[in-house]
Amino acid sequence: MAKERIGIMGGTLDPIHQGHLHIARAALESARLDKVLMLPSGAPPHKQDIVPAEDRWRMVCAACAQEERLIPCRAEIDRPGVIYTVDTLSILREDYPRADFFYIIGADTLMKLHHWRHYEQVLGMCTFLVCPRAWHHTPAEITAQRRCLTALGGRIVMLDMEPMDVSSTGVRQALAAGEPTPGLPVPVREYCGVKGLYGMTQRIPQAEDWLARLFAALSVKRFAHTLAVAHTARQLARTHQLNAYQAEVAGLLHDCAKCMPLKDMQALCRARALTEDKAVIESGNLLHSLAGACLAASDYGVTDPEVLRAIACHTTGKPGMSHLDMAVFLADKIEPTRADYPTLHQVRLLAQLSLEKAMLASLEGTDKYVRKGGKATHPSSLETIRWLRSLPEIAS
Ligand SMILES: [Fe+2]
Ligand SMILES: [Fe+2]
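Engineer: Even after reading the chapter, I still don't get the sheet that holds strand E1 (residues 5-9), so can you show me in this structure?
Structural biologist: The strands that make up a sheet pair up through hydrogen bonds in the backbone, lying either parallel or antiparallel. Across the sheet, 6 strands lie side by side as E3-E2-E1-E4-E5-E6; this open sheet has parallel pairing. On the outer flanks of this sheet lie strand E3 (70-72) and strand E6 (155-158), each paired with one strand and no other. Between one strand axis and the next, the sheet turns by 30 degrees as a mean value, whatever way the strands run. Inspection of the sheet shows E1 paired to strand E4 (residues 100-106) by 5 bridges, in the parallel sense. Across the sheet, the residue bridging to Arg5 is Asp100, located in E4.

Engineer: Help me understand the pairing of E1 in this model?
Structural biologist: Along any regular strand the residues' side chains alternate between the sheet's two faces. The element E1 is largely enclosed, with a buried count of 4 among its 5 residues. Here 4 bridges tie E1 to strand E2 (residues 35-38), and the two strands are oriented parallel to one another. Its bridge partner lying in E2, Ile6 is registered against Lys35. For the crossover that starts at E1, traverses helix H1 (residues 18-30) and ends in the parallel E2, the hand is right-handed.

Engineer: Mind showing me how you'd approach the nonpolar core here?
Structural biologist: Here is a general trend for soluble globular proteins: nonpolar side chains tend to be buried in one another's company. Of all hydrophobic cores here, the largest spans 106 residues; its most connected members are Ile104, Ala327 and Leu330. Sorting elements by how many residues they give to this core places helix H10 (residues 220-239) first, with 9 residues. Shared between two domains, this core takes at least three residues from each, and those domains are domain 1 (5-158) and domain 2 (203-339). Ignoring sequence-local partners within four residues, the contact set of Ile104 consists of Gly7, Ile8, Met9, Ile23, Ala24, Ala27, Leu129 and Cys131.

Engineer: So what exactly am I meant to see when it comes to the environment of Leu290 here?
Structural biologist: With respect to the helices and strands, the residue Leu290 is situated in helix H14 (residues 284-298). Assessed through the 23 C-beta atoms surrounding it within 10 Å, Leu290 is described here as buried. When the C-alpha atoms of Leu290 and Pro379 are compared, they prove to be 16 Å apart, with 89 residues separating the residues in sequence. Ignoring sequence-local partners within four residues, the contact set of Leu290 consists of Cys269, Leu274, Thr275, Val280 and Ala312.

Engineer: So what exactly am I meant to see when it comes to unusual backbone geometry here?
Structural biologist: Glycine aside, negative phi is the norm for most residues, and most peptide bonds take the trans geometry. Cis peptide bonds are those with omega within 30 degrees of zero, and the linkage from Asp14 to Pro15 qualifies with 0 degrees. With respect to the helices, strands and loops of the structure, Pro15 is situated in the loop between E1 and H1. Phi is positive for Leu13, close to 50 degrees, though the residue is something other than glycine. For Leu13, the position within the fold is in the loop between E1 and H1. Backbone geometry at His118 places phi at a positive 50 degrees, although glycine is not the residue there. If you trace the backbone, His118 turns up in the loop between helix H4 (107-110) and helix H5 (119-123).

Engineer: I keep staring at the domain arrangement of the protein chain and nothing clicks. Help me out?
Structural biologist: When the parts of a complex come together, some accessible area is lost, and that lost area is often used as the size of the interface. Entries for the protein chain in the domain assignment read domain 1 (5-158) and domain 2 (203-339). Summarising the inter-unit geometry, the C-alpha centres of domain 1 and domain 2 are found 37 Å apart. The interface of domain 1 with domain 2 comprises 5 residues on the first partner and 8 residues on the second. Residues that form the side of domain 1 that touches domain 2 fall into these classes: 3 nonpolar, 1 polar and 1 charged.

Conventions adopted
- Residues numbered from 1 in each chain as written.
- Chains lettered and ligands numbered in written order.
- Predicted model: local features only at pLDDT ≥ 70, side-chain atom pairs only at ≥ 80, totals over all residues.
- Pairing = 2+ DSSP bridges.
- Helix = DSSP H or I, 4+ residues; strand = E, 2+ residues; numbered from the N terminus.
- Axes fitted to C-alpha atoms, helices over the stretch in contact; angles between N-to-C directions.
- Buried ≥ 20, exposed ≤ 12 C-beta atoms within 10 Å, placed from the backbone.
- Right-handed = clockwise from strand over helix to strand, strands pointing away.
- Core = buried A, V, L, I, M, F, W, Y, C linked by C-beta atoms within 7 Å.
- Domains from an automatic or database assignment.
- Contact = placed C-beta atoms within 7 Å.
- Nonpolar A, V, L, I, M, F, W, Y, C, P; charged D, E, K, R; others polar.

Dropping the structure here:
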């Protein structure tokens, strides 16, 4: 059996950004790797003022949620005290006894590699994949360093790639200044804003507790989706002059029950008499909205009835639903990490213009899809479609 080829991308990842993802993807392709371990460091001795490891870990998980071959790895975070690359590689060797390791570094790091602890040993433990851009060194200096390390037994491969013009320092400065951050995945930007990292103003006072709970209760994909929904709900609220805080809170908690086993949701449903609708009780896809509103109140302490209602009707819709309900419903359907589906583009465009029209397009699209699959659309959705069609906003 061929040996597994595993890339390793370390660093503080403070925060992880598109440049990191771009380099990891390029390494996957050009070095024909099977996967890349994304390895945020614990508390590096030379950097005191970095964001706590668990926050950086959750952001790495959220950023990699859609990337099948980028695997977040806790090898350094879980080890107390100072950890050097030689230690990291030894730990990973225990987990992957037969793999070939490819350590991804920047050209600037290559120039300092001979200062690493036990660097000669490290040279024998992995191949180095070097991202070509260097801030402080000429190509001739880099070539000389490569020759030097190769003579000591090192395997140094320059990655054939165009680097992206994005840095963690630039991203942190933009966040602190409240500027756009196109180089940051949306779920990461949302995490920073909710919690108030990197000089941002914390938008959700309970963020510390909520983000930890949501991360523990949800799959990584669901966690990333949740952050993206909160971001989009907030944007829609701003576009349509709604309360952005309510929209963001509802977006953040809308799927808080989604990863519960169905039987637990049903037990909650019975205990709290949430519904007697059989179709809802038998489907986790529908029941998690009612269960979610219930948990948002009991476990997350939400008392705002408008927020709870938006969570409760985010799956089927409801005749008479408010604009806040619509913003959360739509954010769930159009958030930027959503995989493409037939009406996505249309609903995204309409959502900027009219919440009612976007709702109708979304529900009609779902109805068509459900019927095509030989199933029946839930009566609440059909009633909502009829109600929307009767509104003056739709006729205009
Ligand atoms: Fe949901
Ligand atoms: Fe959702």
